[in-house]
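Reading the structure
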Amino acid sequence: YRSVDPVELLAATTDAAKHASALDPQLGEPWAATGLAMIQLRDFKHGRAALAKALELEPNDITATVWNGITLNQYGYRAQGDKLLDRALEMDPVLPIALLWRGMSHAAQGEIEIADRQLKLAEESNLAFCGLGQAQLAQLRHERNDVASKQIGRAFSVLAGEFPPDT
């Protein structure tokens, strides 16, 4: 989680993906990585197509499943994204990143109890930016603003690592 020039990222990712696919054309992850890089450049059409190709090649690849689910949720396709995150959690019930994103989706839908369980599991795994979901829950529970602020600050201390320390 650091700032990288997205054009350089896409070029490096595409190059690595081509090499990986040449070694094994049935791998889904090179397509998933390329899709995420394309989405960073706001090429949603081709990014989503690459992510879908990853799952077409390897329907049980947990990385491609999670990245697809997160991306769909981020861009408003919550039902589709939740379905994929649920699938990922069937494959690995304690996968921290899937617990975080699915927990946040449950919270956004007002399903506080299940969101709380999933977010606690993600936090117990020491997922560095779990505070994103915990802050969301704190707000939904109408807890004091300093609780949510502390959680979001904890998350952004990791995600915004290149900012000056006092930011």
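Residues numbered from 1 in each chain as written. Predicted model: local features only at pLDDT ≥ 70, side-chain atom pairs only at ≥ 80, totals over all residues. Heavy atoms only, no water.

Here's the deal with the overall build of the chain
As a reminder, the rule being used: By definition, any uninterrupted DSSP run of H or I lasting at least four residues is a helix, any uninterrupted run of E lasting at least two residues is a strand, and each is numbered from the N terminus. Burial status follows relative accessibility: with a 1.4 Å probe on protein chains alone, a residue under 20% of its type maximum counts as buried, one over 50% as exposed, and anything between as partly exposed. We call two residues in contact when some of their heavy atoms are within 4.5 Å. With residues, only the protein chains shown are counted as cover, and all accessible areas are computed by Shrake-Rupley using a 1.4 Å probe.
Regarding its fold elements, the chain presents nine helices and zero strands. In sequence order, the secondary structure elements of the chain are arranged as α-α-α-α-α-α-α-α-α. Looking at the 167 residues of the chain, the share that counts as buried comes to 38%. Sequence separation of at least 24 residues holds for 46% of the intrachain contacts in the chain that already meet a minimum separation of 6. Total accessible area on the chain is roughly 9,800 Å²; 56% of this is exposed by carbon and sulfur atoms.

A few points about the nonpolar core
Applicable threshold: Nonpolar core, defined: a set of buried Ala, Val, Leu, Ile, Met, Phe, Trp, Tyr and Cys residues in which side-chain atoms within 4.5 Å join the residues together.
Of all hydrophobic cores here, the largest spans 20 residues; its most connected members are Val66, Ala98, Leu100, Trp101, Met104, Ala122 and Leu127. Here the element with the most residues in this core is helix α6 (residues 96–108); it accounts for six residues.

Looking at helix α5 (residues 78–91)
Just so we agree on the cut-off: For a helix, the expected span equals 1.5 Å multiplied by the number of residues minus one. Directions pointing from the helix axis toward each C-beta atom define the arc.
For α5, which comprises 14 residues, the first-to-last C-alpha distance of 20 Å matches the rise-based estimate of 20 Å (1.5 Å per residue) to within 8%. For α5, every residue scored as buried is listed here: Gly81, Asp82, Leu84, Leu85, Ala88 and Leu89. The arc that holds every buried residue of α5, seen down its axis, measures 165°, which confines them to one face. In α5, the exposed positions angled more than 90 degrees off the buried face are occupied by Ala79, Lys83 and Glu90.

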